[in-house]
Amino acid sequence: MEWTTTLYFLLAILFLQCAPKHETTTSTGDASLGEVLEEADRVKADLDKYITVKLTTDAVLTEKEKQMLPFLIQAAQLMDQCFWYEAYGNPNTLLEGLPNDKLKQFAAINYGPWDRLEGNAPFVETYGEKPKGANFYPVDMTKEEFDTTELPGKESLYTFLRRNKEGKLTVIPYRRQFEKEHKEAAQLLKKAATLAEDAGLRRYLQLRGDALLNDKYRTSDMAWLDMKTNRIDIVIGPIETYEDQLFGYKAAHEAYVLVKDMDWSKRLARYAKFLPALQSGLPVPPQYKKEKPGLDTELNAYDVIYYAGDCNAGSKTIAINLPNDEEVQLKKGTRRLQLKNAMRAKFDHILVPITEELIDPSQREHVTFDAFFSNVMFHEVAHGLGIKNTIKGGTTVRKALQELASGLEEGKADILGIYMIRQLHHKGEISGDLMDYYVTFMAGIFRSVRFGASSAHGKANMIAFNFFEEMGAFTRNDDGHYLVDQQKFEQAIEALSTHILTLQGDGDYTGVTALFNEKGNIPPQLQKDLDRLGNKDIPVDIVFEQGLDVLNL
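Residues numbered from 1 in each chain as written. Predicted model: local features only at pLDDT ≥ 70, side-chain atom pairs only at ≥ 80, totals over all residues. Heavy atoms only, no water.

Engineer: Break down the overall build of the protein for me, citing the residues and quoting the values.
Structural biologist: Looking only at helices and strands, the protein features 22 helices and 13 strands. Counting across all 553 residues of the protein, residues that qualify as buried make up 61%. Considering only residue pairs separated by 6 or more positions, the protein has 76% of its internal contacts joining residues 24 or more positions apart. Surface exposure of the protein reaches about 21500 Å², of which carbon and sulfur atoms provide 49%. For the protein, the distance from the average site of its 65 positive side-chain charges to the average site of its 81 negative ones is 6 Å. (Helix = DSSP H or I, 4+ residues; strand = E, 2+ residues; numbered from the N terminus. Buried < 20%, exposed > 50% of the residue type's maximum accessible area, 1.4 Å probe, protein only. Contact = heavy atoms within 4.5 Å. Areas by Shrake-Rupley, 256 points an atom, 1.4 Å probe, with all protein chains shown as cover. Lys, Arg positive; Asp, Glu negative; His and termini not counted. Charge placed at Lys NZ, Arg CZ, Asp CG, Glu CD.)

Shown next as structure tokens:
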């Protein structure tokens, strides 16, 4: 594909000029110019894994809503700077050493010198393996040292671990590490609040600004769930823990600036009422579904007009289920946000070409956008089902499963999402042919496994593929096309749902490790089929042209 200068490269230059002088996790060592240029040639092929799409909206905004957007986008850009530090360190040390614009652009997409779609393999060969704990912990810290060190706050979502002058571990709160960025972002959110015509949005923006200053996010999470009638929205702050692959304890910074599709959201609202019945019907013993999902739950559709930080790194998020706070989820519920314009781009540019290459011609008609949208939506709904606290041991599933929690949770959401569709279809609450959802799900596995082992979603889909193959849920014809067996597919859905929910409820770290080791890898034949997609120049994911210029504001 032909590449133009996009926001990623512009951000790279911005970071060179103004990024704070933090330490970095690694260094390049010595490399000849010739070696670096050879790497740049290889990176061109890696850039072709992405297709560029513009982030726009057709929504009619009021003048005050238009005036809010620059403040929200500027606050999002500050989250981008924070995430650079969390993922890598000081971007100056990387970007200044790259003589080729394409290398710089690829580094900006990946927030570092590691290719997120290739299991975090270094694309600048003079860099070593990416630290499992990214930049949240000292690179020389072992799990054993962490576990045996008595240090208040070490497991907090919002702290870094560093070494003091004596070499001992110490804790640095986010509010101190990012004092400048958080203060500026808080001021921007509060400026936006003065323009908010919706009272709920105004309150949320004020509280979220306060949270950035004190690292206490629960009150603003509650306020975010209380918003019902706002059109403009922003998800901002340290949120997901995917970047911490050492423990899964540390939240990484990100932001989405959003415009709600009011009509689509009204159409989706009806499904929230089914959550209690779906929870009680899960295929596990009562103790694994004793928790009741919060009822203050919404399903909304949005146009996303700006991504920043964690959600913008490598493969892009197309749906969200938040807040992650287990206590908030049990008390009030969550909001599921379907990012409709980004979802449509992935369907048109990626899923349809994958279908034409890998799905049997007799079943291709079953791959539809409506089924794709529903599968993604119910994936997010499914995050609210199951169990948040282990049935014994007095801890959360997240803490019990540590770095494995995110991957298993995504696997749960995938499989329970399609399980819920089947249940609602039997109740007459979802129309259409069930095979639309199943074959679209199958095509979606091929899409997501391409994200690689460094992605929680990629790992989850590898497990699903191998589990379904063992149960005969699909067959691969001699001509290289895949065919879904509806009856065995439904049996596999129920069996994998039961297995994952049981592992989570037991907090079975050993069992999850075994599942990942046995089924979290791409088998040789599947890899050959995925290589076919690359040879056909089918992109793996998307990058964005985004910002006020794209929005014509």
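Moving on from the model shown.
Engineer: Could you give me a rundown of the layout of surface pockets, with the residues and numbers involved?
Structural biologist: Counted as a void, the second largest pocket has a volume near 480 Å³. In terms of lining, the second largest pocket is formed by 18 residues, of which the most central are Lys49, Glu118, Arg450, Gly534 and Val540. Residue contributions to the lining of the second largest pocket peak at four residues, all from helix 22 (residues 524–535). When its residues are assigned to classes, the lining of the second largest pocket shows nine nonpolar, three polar and six charged. (1 Å grid on protein atoms, 1.4 Å probe; cavity = no way out; pocket = protein on both sides within 12 Å on 5 of 7 lines; lining within 4 Å. Points joined across faces, edges and corners; volume = space filled by probe spheres on them. Nonpolar A, V, L, I, M, F, W, Y, C, P; charged D, E, K, R; others polar.)

Engineer: Can you break down the pattern of salt bridges residue by residue, with the values?
Structural biologist: Tallying each qualifying case throughout the model produces 33 salt bridges. The partner of aspartate 529 in a salt bridge is arginine 476, and the shortest N-O contact between them spans 2.9 Å. Taken together, the residues span a long stretch of sequence, with aspartate 529 in helix 22 and arginine 476 in strand 11 (residues 474–476) at a distance of 53 residues. Given a relative accessible area of 1%, aspartate 529 falls into the buried group. (Salt bridge = Lys/Arg side-chain N within 4 Å of Asp/Glu carboxyl O.)

Engineer: Break down the nonpolar core for me, citing the residues and quoting the values.
Structural biologist: Leu72, Leu205, Leu339 and Phe468 are the most contacted members of the largest nonpolar core, which totals 181 residues. Here the element with the most residues in this core is helix 3 (residues 63–87); it accounts for 13 residues. The residues contacting leucine 205, other than those within four sequence positions of it, are Met68, Leu72, Leu189, Ala192, Ala193 and Ile234. (Core = buried A, V, L, I, M, F, W, Y, C linked by side-chain atoms within 4.5 Å.)

Engineer: Any chance you could break down the packing of aromatic side chains for me, citing the residues and the numbers?
Structural biologist: As enumerated under the stated definition, the model contains 36 aromatic pairs in all. Ring centres 6.3 Å apart and planes at 65 degrees place the aromatic pair phenylalanine 465 and tyrosine 482 in the edge-to-face group. Here phenylalanine 465, found in helix 19 (residues 456–470), pairs with tyrosine 482, found in strand 12 (residues 482–484); they are 17 residues apart in sequence, far enough to count as distant. The class of phenylalanine 465 is buried, set by a relative accessible area of 2%. A connected cluster of aromatic rings, assembled from ring pairs, spans Tyr85, Phe136, Tyr158, Phe160, Tyr174, Phe178 and Tyr217. The ring centre of phenylalanine 247 lies 5.4 Å from the NZ or CZ of lysine 143, which sits over that ring. Sitting over the ring of tryptophan 224, arginine 335 keeps its end group 4.5 Å from the ring centre. (Phe/Tyr/Trp six-rings, centres within 6.5 Å; stacked < 30°, edge-to-face > 60°. Lys NZ or Arg CZ within 6 Å of the ring centre and 35° of its normal.)

Engineer: Please give an account of the pairing of strand 9 (residues 319–322) that cites residues and values.
Structural biologist: Residues Ala319 and Asn321 of strand 9 are buried on one face, and the alternating residues Ile320 and Leu322, pointing to the opposite face, are buried as well. Relative to strand 10 (residues 335–339), strand 9 runs antiparallel, the two being bridged by four bridges. Counted as the bridge partner of asparagine 321 is arginine 336 from strand 10. (Pairing = 2+ DSSP bridges.)

Engineer: Describe the packing of helix 8 (residues 179–195) against helix 9 (residues 199–214), and please don't skip the residues or the numbers.
Structural biologist: Relative orientation of the contacting elements helix 8 and helix 9 amounts to 170 degrees, with a least axis distance of 8 Å. As far as their axial angle goes, helix 9 and helix 8 are roughly antiparallel. Contacts between helix 8 and helix 9 pair His182, Lys183, Ala185, Ala186, Leu189, Lys190, Ala192 and Ala193 from the former with Arg202, Leu205, Gln206, Arg208, Gly209, Asp210, Leu212 and Leu213 from the latter. Residues of the contact of helix 8 with helix 9, tallied by class, amount to eight nonpolar, three polar and five charged. (Axes fitted to C-alpha atoms, helices over the stretch in contact; angles between N-to-C directions. Parallel < 35°, antiparallel > 145°, perpendicular 65-115°, else oblique.)

Engineer: Tell me what's going on with helix 15 (residues 369–382), and back it up with residues and numbers.
Structural biologist: Under the 1.5 Å per step criterion, the end-to-end length of helix 15 is 20 Å for 14 residues, consistent within 8% with the ideal 20 Å. Counting buried positions along helix 15 gives 13 out of 14 residues, so the element sits mostly inside the fold. (Expected span 1.5 Å × (residues − 1).)

Engineer: Help me get a handle on the side chain of glutamate 409, residues and values and all.
Structural biologist: Of note, glutamate 409 is situated in helix 17 (residues 405–426). Among the polar contacts listed, one links the side chain of glutamate 409 to the side chain of glutamine 504, at a separation of 2.9 Å. (Polar contact = N/O pair within 3.5 Å; in protein donor to acceptor, adjacent residues only side chain to side chain.)

Engineer: Tell me about unusual backbone geometry, and please be specific about residues and values.
Structural biologist: For the bond running from leucine 322 to proline 323, omega is 0 degrees, close enough to zero to count as cis. Structurally, the position occupied by proline 323 is in the loop between strand 9 and helix 13 (326–331). Residues other than glycine seldom take positive phi values, yet alanine 134 does so here, at roughly 50 degrees. Summarising the element assignment, alanine 134 is placed in the loop between strand 3 (121–122) and helix 6 (143–148). Its identity as a non-glycine residue notwithstanding, aspartate 537 has a phi of 60 degrees, on the positive side.

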